[in-house]
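So the chains spell out like this:
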Amino acid sequence: MDSRLQSYLAEHRDRHLAEVIEFVRIPSVSSSTEHKPDMTRAAEWLAEALRKAGLENVQVLPTKGHPVVYGDWLHAPGQPTAMIYGHYDVQPADPLEQWNTDPFEPVIQDGKLYGRGATDDKAQLYTHVKTVEAYLATYGKLPVNVKFCIEGEEEIASPSLPAFLEEQAELLKADAIVISDGPMHDEGMPSICYGLRGLCGFQIDVQGPKNDLHSGLYGGGVANPATALVELLASMRRPDGGIAIEGFYDGVNELSEKERQAFRELHFDDAKTAGELGVPELTGEEGYSFLERTTARPTLEINGIYGGYQGEGLKPIVPTTAAAKISCRLVDRQDPDDIMKAVERHIEKHKPAGVTVKVQQTHRGKPFYISPDHPYIQAATKAYEAGFGKAPVYIRSGGSIPIIEVFSRILGAPVVMMDFGLPGENMHGPNEHFHLENFDKGIATLCQYWQELGGPVSS
């Protein structure tokens, strides 16, 4: 980061932190009707912050739910346009008794900002606002064109955003989408996430006799739905830990040696993790490490299974029904609808006699992947080296953020995830906080990133 930007940010740091505190103080809980006025207040507060930073065309745009805050600066002809995505809504603060401070009266202690939404996503989002302000205040221009698209429904799965993106695709058109809304790999170890798993969730219901039957009178002569369900679920798994459903792995890329080496360089400790989890050992698909299994390979997990008598003691019956809830995490080019069709075909083929089986899809989300060799990812690598003094590691996430794939698909632009949070900052939990060291390093990283994309600026 050049000296002019550095001096400006140092001079105004106290004001910037005071603004972040003011932002976190707004209880913008998107899931609560009680806080709907606070959602409006947060959107308007953020819009005013964008105007003060020097952004133009700032608007609070309506959706079917909470509004989207938009602003832009488009005076860098011939340079890329980056769209910055974030969210101003937060999770509920419950349970309040487990907080050491008031979640909506943020405080700074030991270099950390405590408050609901501090790391998810208000302070991280604000690094982008202050980066733009620093450039415009010192140079009067930016190395690239920027647009902000800040929603208010991320914490409730962004129900209004896909339609909004479709409707406003021309307004939001960009060459790259940049997001800071998650944790780095570890403290002092910046990272770039280049893959997110998708999701296909479904429920299997097995129907047997019209009511519970006496197992002494009918057991062995009538199909038991619980037994049928167990057989059906077992048929979905191979002895080597892989998934036995035909077509399940369609669209899955084999990991390159470069990717596998990146996983090895994270120096993951299997024995330590097993001990922390309280299990004898870590298991899974043969031929893959724990990190590869949990981030870069698809899965099928039984999340719940039930049927028959659940009370104290034994009730000897043949139950009338049994059911299971299942989630599949997807990678690369797997499509949740294709996976669902493959599951349905498998169930029809392996359905035990004497029962009726119904399947209902409950969740869907496509995976996201961008090559670590993409020029915008490589630019982010150089920016992290400048901001944190250390090259980032490349990681995948085992979780799912379906809206990222939606952004990439609808707007046709690569998504670059540049996170500045840390894993232990209690995102969604009591005593959520954000390390302010990463607020400063995050801004320094972003200042460099825009120059990596658009070149240095001069007055």
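Placed above this text is the structure.
Quick look at the structure, then. Every chain's residues receive numbers from 1 upward, in the order its sequence appears when written. In view of the model being predicted, local features appear only for residues whose pLDDT reaches at least 70, and side-chain atom pairs are presented and counted only at 80 or more, with totals across whole chains, interfaces and linings using the full set of residues. With hydrogens and water set aside, each side-chain value is computed from the structure's full complement of heavy atoms.

A look at the overall build of the chain
Stage number 1. Helix and strand counts for the chain come out as 14 helices and 18 strands.
Stage number 2. C-alpha atoms define the radius of gyration in this analysis, and the globule rule sets the expected value at 2.2 Å times the number of residues to the power 0.38. Computed over C-alpha atoms, the radius of gyration of the chain comes to 25 Å, within 12% of the 23 Å expected from 2.2 N^0.38 for 459 residues, which places it in the range of a compact globule.
Stage number 3. In terms of overall dimensions, the chain has C-alpha extents of about 90 × 50 × 45 Å along its principal axes.
Stage number 4. Residue burial in the chain is summarised as follows: out of 459 residues, 54% are buried. Helical segments are the DSSP runs of H or I of at least four residues, strand segments are the runs of E of at least two, and each set is numbered from the N terminus. When accessible area is computed with a 1.4 Å probe and restricted to protein chains, residues below 20% of their type maximum are described as buried, those above 50% as exposed, and intermediate ones as partly exposed.

A few points about the pattern of salt bridges
Stage number 1. Think of a salt bridge as a Lys or Arg side-chain nitrogen and an Asp or Glu carboxyl oxygen that are within 4 Å of each other. Under the defined criterion, the tally for this structure stands at 21 salt bridges.
Stage number 2. Across the pair glutamate 259 and arginine 396 runs a salt bridge, and its minimum N-O distance is 3.2 Å. With glutamate 259 in helix α8 (residues 257-264) and arginine 396 in strand β16 (residues 393-397), the pair connects residues that are 137 residues apart, well separated along the chain. When sorted by exposure, glutamate 259 lands in the same class as arginine 396, which is buried.
Stage number 3. A network of salt bridges, in which partner residues are shared, links Arg15, Glu19, Lys130 and Glu133.

Re the packing of helix α4 (residues 118-138) against helix α14 (residues 436-454)
Stage number 1. α14 packs onto α4 with a crossing angle of 55 degrees between their chain directions and a minimal axis gap of 9 Å. With respect to α14, the element α4 is oriented oblique. For the pair α4 and α14, the sense of crossing is right-handed. Residues Ala123, Tyr126, Thr127, His128, Lys130, Thr131 and Tyr135 of α4 lie in contact with α14, whose contacting residues are Phe439, Ile443, Leu446, Cys447, Trp450 and Gln451.
Stage number 2. When grouped by side-chain class, the residues that make up the contact of α4 with α14 number 8 nonpolar, 4 polar and 1 charged. Throughout, an axis means a line fitted to C-alpha atoms (over the contacting stretch in the case of helices), and angles, computed between N-to-C directions, take values from 0 to 180 degrees. Here the angle decides the label: under 35 degrees means roughly parallel, over 145 means roughly antiparallel, 65 to 115 means roughly perpendicular, and every other value means oblique. In this scheme the handedness of a crossing depends on how the near helix is turned from the far one: anticlockwise by less than a right angle means left-handed, clockwise means right-handed. A contact between two residues is defined here by any heavy atoms of the two lying within 4.5 Å. We call Asp, Glu, Lys and Arg charged. Ala, Val, Leu, Ile, Met, Phe, Trp, Tyr, Cys and Pro are nonpolar, and the rest, Gly among them, are polar.

Observations concerning the sheet that holds strand β9 (residues 198-207)
Within a sheet, each strand pairs with its neighbour through backbone hydrogen bonds, oriented either parallel or antiparallel.
Stage number 1. Note: two strands are recorded as paired if DSSP finds a minimum of 2 bridges between them. Read from one edge to the other, the open sheet built from 4 strands follows the order β11-β13-β9-β14, with strand pairing classed as antiparallel. In this open sheet, the two edge strands, each paired with only one partner strand, are β11 (299-307) and β14 (356-365). Strand-to-strand, the axes of this sheet are offset by a mean angle of 15 degrees, without reference to chain direction.
Stage number 2. Summarising the sheet, β9 and β14 pair through 9 bridges and their orientation is antiparallel. Bridged to leucine 199 within β14 is glycine 365.

Observations concerning the environment of methionine 1
Stage number 1. Relative to the assigned elements, methionine 1 resides in the segment before α1 (3-11).
Stage number 2. Accessibility expressed as a relative area gives 33% for methionine 1, which makes it partly exposed.
Stage number 3. Taking the C-alpha atoms as reference points, methionine 1 and alanine 383, separated by 382 residues in sequence, lie 9.4 Å from one another.
Stage number 4. With sequence-adjacent residues up to four places away left out, methionine 1 is seen in contact with Gln6, Leu9, Ala444, Cys447 and Gln448.

Describing helix α3 (residues 36-53)
Stage number 1. Between the first and last C-alpha of α3 there are 26 Å, a value that for 18 residues agrees with the 26 Å anticipated at 1.5 Å per step.
Stage number 2. Along α3, the positions that sit buried rather than exposed are Asp38, Met39, Ala42, Ala43, Trp45, Leu46, Ala47, Ala49, Leu50 and Ala53.
Stage number 3. Where the residues of α3 are buried, they touch α2 (13-25), β1 (56-61), β2 (68-73), α4 and β6 (145-151). Expected span, for any helix, means 1.5 Å times one less than how many residues it has.

Brief notes about the sheet that holds strand β5 (residues 112-114)
Stage number 1. Judged by pairing direction, the sheet is antiparallel, and its 3 strands sit side by side in the order β4-β5-β18 without closing on themselves. Each edge of the sheet is formed by a strand with only one pairing partner; in this case those strands are β4 (107-109) and β18 (433-435). The average undirected angle you get between the axes of adjacent strands in this sheet is 25 degrees.
Stage number 2. Bridging between β5 and β18 involves 3 bridges; their strand directions are antiparallel. Residue pairing for β18: lysine 112 is matched across the bridge by histidine 435.
Stage number 3. Running over the sheet, α4 touches β5 and β18 and is turned about 45 degrees from β18.
Stage number 4. Sheet strands in contact with α14 are β4, β5 and β18, and its direction is about 55 degrees off that of β18.

Here's the deal with helix α9 (residues 270-277)
Stage number 1. Capping of α9 at its N-terminal end is provided by aspartate 269; its side-chain oxygen lies 3.2 Å from the backbone amide nitrogen of alanine 271.
Stage number 2. One or two positions beyond α9, positive phi appears at glycine 278, with a value near 75 degrees. Polar contact criterion, stated in full: a pair of N or O atoms within 3.5 Å, where within protein one must be able to donate a hydrogen and the other to accept it, and residues adjacent in sequence count only if both atoms are side-chain atoms.

Observations regarding the packing of aromatic side chains
Stage number 1. Stacked, tilted and edge-to-face are the three classes applied to pairs of Phe, Tyr and Trp rings, where Trp contributes its six-membered ring and a pair requires centres within 6.5 Å; stacked means planes under 30 degrees apart, edge-to-face means over 60, and tilted covers the rest. Enumeration over the complete set of coordinates arrives at 12 aromatic pairs.
Stage number 2. With a centroid separation of 5.4 Å and an interplanar angle of 80 degrees, the aromatic rings of phenylalanine 248 and tyrosine 249 are classed as edge-to-face.
Stage number 3. Taking relative accessible area as the criterion, tyrosine 249 reaches 22% and is therefore assigned partly exposed.
Stage number 4. Between tyrosine 384 and phenylalanine 388, the aromatic rings sit 5.7 Å apart at their centres with planes inclined by 45 degrees, giving tilted as the arrangement. You can see tyrosine 384 and its partner phenylalanine 388 sitting in helix α12 (residues 375-388), 4 residues apart, about one turn around the helix. Comparing tyrosine 384 with phenylalanine 388 shows no difference in burial state: the two are buried.

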